[in-house]
Amino acid sequence: MTNTNTLFPRHDDDSEILIFQENSVFPLFVFASWGIWRAMATFAELVLSTSRCTCPCRSFTRKPIIRPPLSGLRLVGDTKPLFRSGLGRISVNRRFLTAVARAESDQLGDDDHSKGIDRIHNLQNVEDKQKKASQLKKRVIFGIGIGLPVGCVVLAGGWVFTVALACSVFIGSREYFELVRSRGIAKGMTPPPRYVSRVCSVICALMPILTLYFGNIDILVTSAAFVVAIALLVQRGSPRFAQLSSTMFGLFYCGYLPSFWVKLRCGLAAPAFNTGIGRTWPILLGGQAHWTVGLVATLISFSGVIATDTFAFLGGKTFGRTPLTSISPKKTWEGTIVGLVGCIAITILLSKYLSWPQSLFSSVAFGFLNFFGSVFGDLTESMIKRDAGVKDSGSLIPGHGGILDRVDSYIFTGALAYSFIKTSLKLYGV
């Protein structure tokens, strides 16, 4: 009788080789035939891709399998033969079988594919929400960090308020002229030369200081505009009207309009004797005389602008449906109306607390002007940024953008508030 160990030598170091201890050629032949048939069936199933596996672990379906690209198949394992026989060496590549199994496991149908896509979208939404929450947190932190010093500057008044305003005007004017020189605006016009932009930024920064010293700077502003216009007309090359118009608007927008805050805060020096907080104000800080109509009006105007932005943002997030204008697609009529109501409500509350202005009608009118100036200034800066093709005017303040992004709502408000108090309120509303 032939020794089976001679026909089928044992390989102790190869655990995947089937070793037959009996001389049974027929079972071995059957087993080899079954292996060949199984490999061919699997290969045919992958190539033809006409049906799914009909084994009991899966339900039968007539939907054809969508064959994945070959680049997506990852072949793992080794290439050792599954068994040997006396008829010859029959090997089945386990990499191929593993690839087939993984391809089948990845093809679970359209429903599972859609679930995977939904899962990816959900993850993206979570990431977007986390990013927005982080940005909102940053905005709140830096907003509080900026608001407290600004409140102290407004309370101080005088040269402290004027110099701080002049610094903000200089930075804001530099951002404005950089926007004018940006690719989006410069594509359709010729921007002013850089030396003219720098000179205009200095002129804008000097306007609040000159307003505090002289009170009225109309003649000085007109003279400065005339000199700048002459410089543009005699420049080398071919002067353009776009250079003149953008420069004149920059002097008006970044320099002349902000100077009205100096007139409002420091020019209206009539004491607000009816203000209750003035009676308890420390003498070392100026006493009751420190609380002037200008200080009270500035605080109410600043608070009205903040209320407009805050309530409009919350109202737009909650009720916003109808777009306000194409200039700023995120602004809605619903948010704007909520901002108007919030601004008037805050103005009335502060007027009652500070006892200025005296009448309810004056408080409502003052609140409406603060709201209108805030929205108009915001939309004006949004139009400039939209033409420039940028989201923020700068990156000076993390989470907020540039100076213009923060003070755009205040640029027109100071002029409207000063004009209303000077012309409409008898004795400044005291």
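Every value quoted in this text rests on a predicted model; they were computed, and no experiment measured them.

A. The arrangement of the overall build of the protein in detail. Looking only at helices and strands, one finds 16 helices and four strands in the protein. The buried share of the protein, taken over its 430 residues, is 36%. Taking all contacts inside the protein whose residues are at least 6 apart in sequence as the whole, residues at least 24 apart take part in 67%. Surface accessibility of the protein: about 25,400 Å² in total, with carbon and sulfur atoms responsible for 65%.

B. Fine view of a nonpolar patch on the surface. Residues Phe170, Ile171, Val202, Leu206, Leu210, Tyr213, Phe214, Leu220 and Leu396 make up a contiguous nonpolar surface patch of roughly 830 Å² in combined accessible area. With respect to the element layout, Phe214 can be found in helix H7 (residues 194–214).

C. Looking closely at unusual backbone geometry. The residue after Trp356, namely Pro357, is reached through a cis peptide bond having omega -15 degrees. Take Pro357: it is sitting in the loop between helix H13 (333–354) and helix H14 (360–388). A positive phi is found at Ser355, a non-glycine position, where the angle reads about 60 degrees. For Ser355, the position within the fold is in the loop between H13 and H14. On the basis of relative accessibility, which here comes to 23%, the residue Ser355 falls in the partly exposed class.

D. Inspection of the nonpolar core at higher detail. Tyr176, Leu251, Tyr253, Leu264, Trp356, Phe366 and Ile421 are the most contacted members of the largest nonpolar core, which totals 55 residues. Among the secondary structure elements, those contributing two or more residues to this core are helix H5 (158–180), H7, helix H8 (218–233), helix H9 (241–256), helix H10 (260–267), helix H12 (293–319), H14 and helix H16 (413–424).

E. Just the packing of aromatic side chains, in detail. Following the criterion strictly, the structure yields 18 aromatic pairs and no others. On the basis of an interplanar angle of 50 degrees and a centroid distance of 6.1 Å, the ring pair of Tyr176 and Phe249 is categorised as tilted. A residue pair is termed long-range when its members are at least 10 positions apart, and Tyr176 in helix H5 and Phe249 in helix H9 qualify at 73 residues. With 6.4 Å between their ring centres and 55 degrees between their planes, Trp261 and Tyr410 make a pair best called tilted. Residue Trp261 is located in helix H10, and its partner Tyr410 is located in the loop between helix H15 (403–407) and H16; the two are separated by 149 residues in the primary sequence. Classification of Tyr410 by relative accessible area gives buried; the value is 15%. Aromatic ring contacts, followed pair by pair, group Tyr176, Phe177, Phe249, Tyr253, Phe372, Phe376 and Phe412 into a single cluster. One residue, Lys263, lies across the ring of Phe260, its end atom 4.7 Å from the ring centre.

F. Main features of the packing of H7 against H10. In contact at an axis separation of 9 Å, H7 and H10 are set at 35 degrees when each is read in the N-to-C sense. Note that H7 runs across H10; the crossing there is right-handed. Only Val262, Lys263 and Cys266 of H10 make contact with H7, whose side of the interface consists of Pro208, Thr211 and Leu212. Looking at the contact of H7 with H10, its residues break down into four nonpolar, one polar and one charged.

Conventions adopted
- Residues numbered from 1 in each chain as written.
- Predicted model: local features only at pLDDT ≥ 70, side-chain atom pairs only at ≥ 80, totals over all residues.
- Heavy atoms only, no water.
- Helix = DSSP H or I, 4+ residues; strand = E, 2+ residues; numbered from the N terminus.
- Buried < 20%, exposed > 50% of the residue type's maximum accessible area, 1.4 Å probe, protein only.
- Contact = heavy atoms within 4.5 Å.
- Areas by Shrake-Rupley, 256 points an atom, 1.4 Å probe, with all protein chains shown as cover.
- Patch = residues over 30% accessible without salt bridge, like charges linked within 9 Å, V, L, I, M, F, W, Y side chains within 5 Å.
- Salt bridge = Lys/Arg side-chain N within 4 Å of Asp/Glu carboxyl O.
- Core = buried A, V, L, I, M, F, W, Y, C linked by side-chain atoms within 4.5 Å.
- Phe/Tyr/Trp six-rings, centres within 6.5 Å; stacked < 30°, edge-to-face > 60°.
- Lys NZ or Arg CZ within 6 Å of the ring centre and 35° of its normal.
- Axes fitted to C-alpha atoms, helices over the stretch in contact; angles between N-to-C directions.
- Left-handed = near helix turned anticlockwise from the far one by under 90°.
- Nonpolar A, V, L, I, M, F, W, Y, C, P; charged D, E, K, R; others polar.

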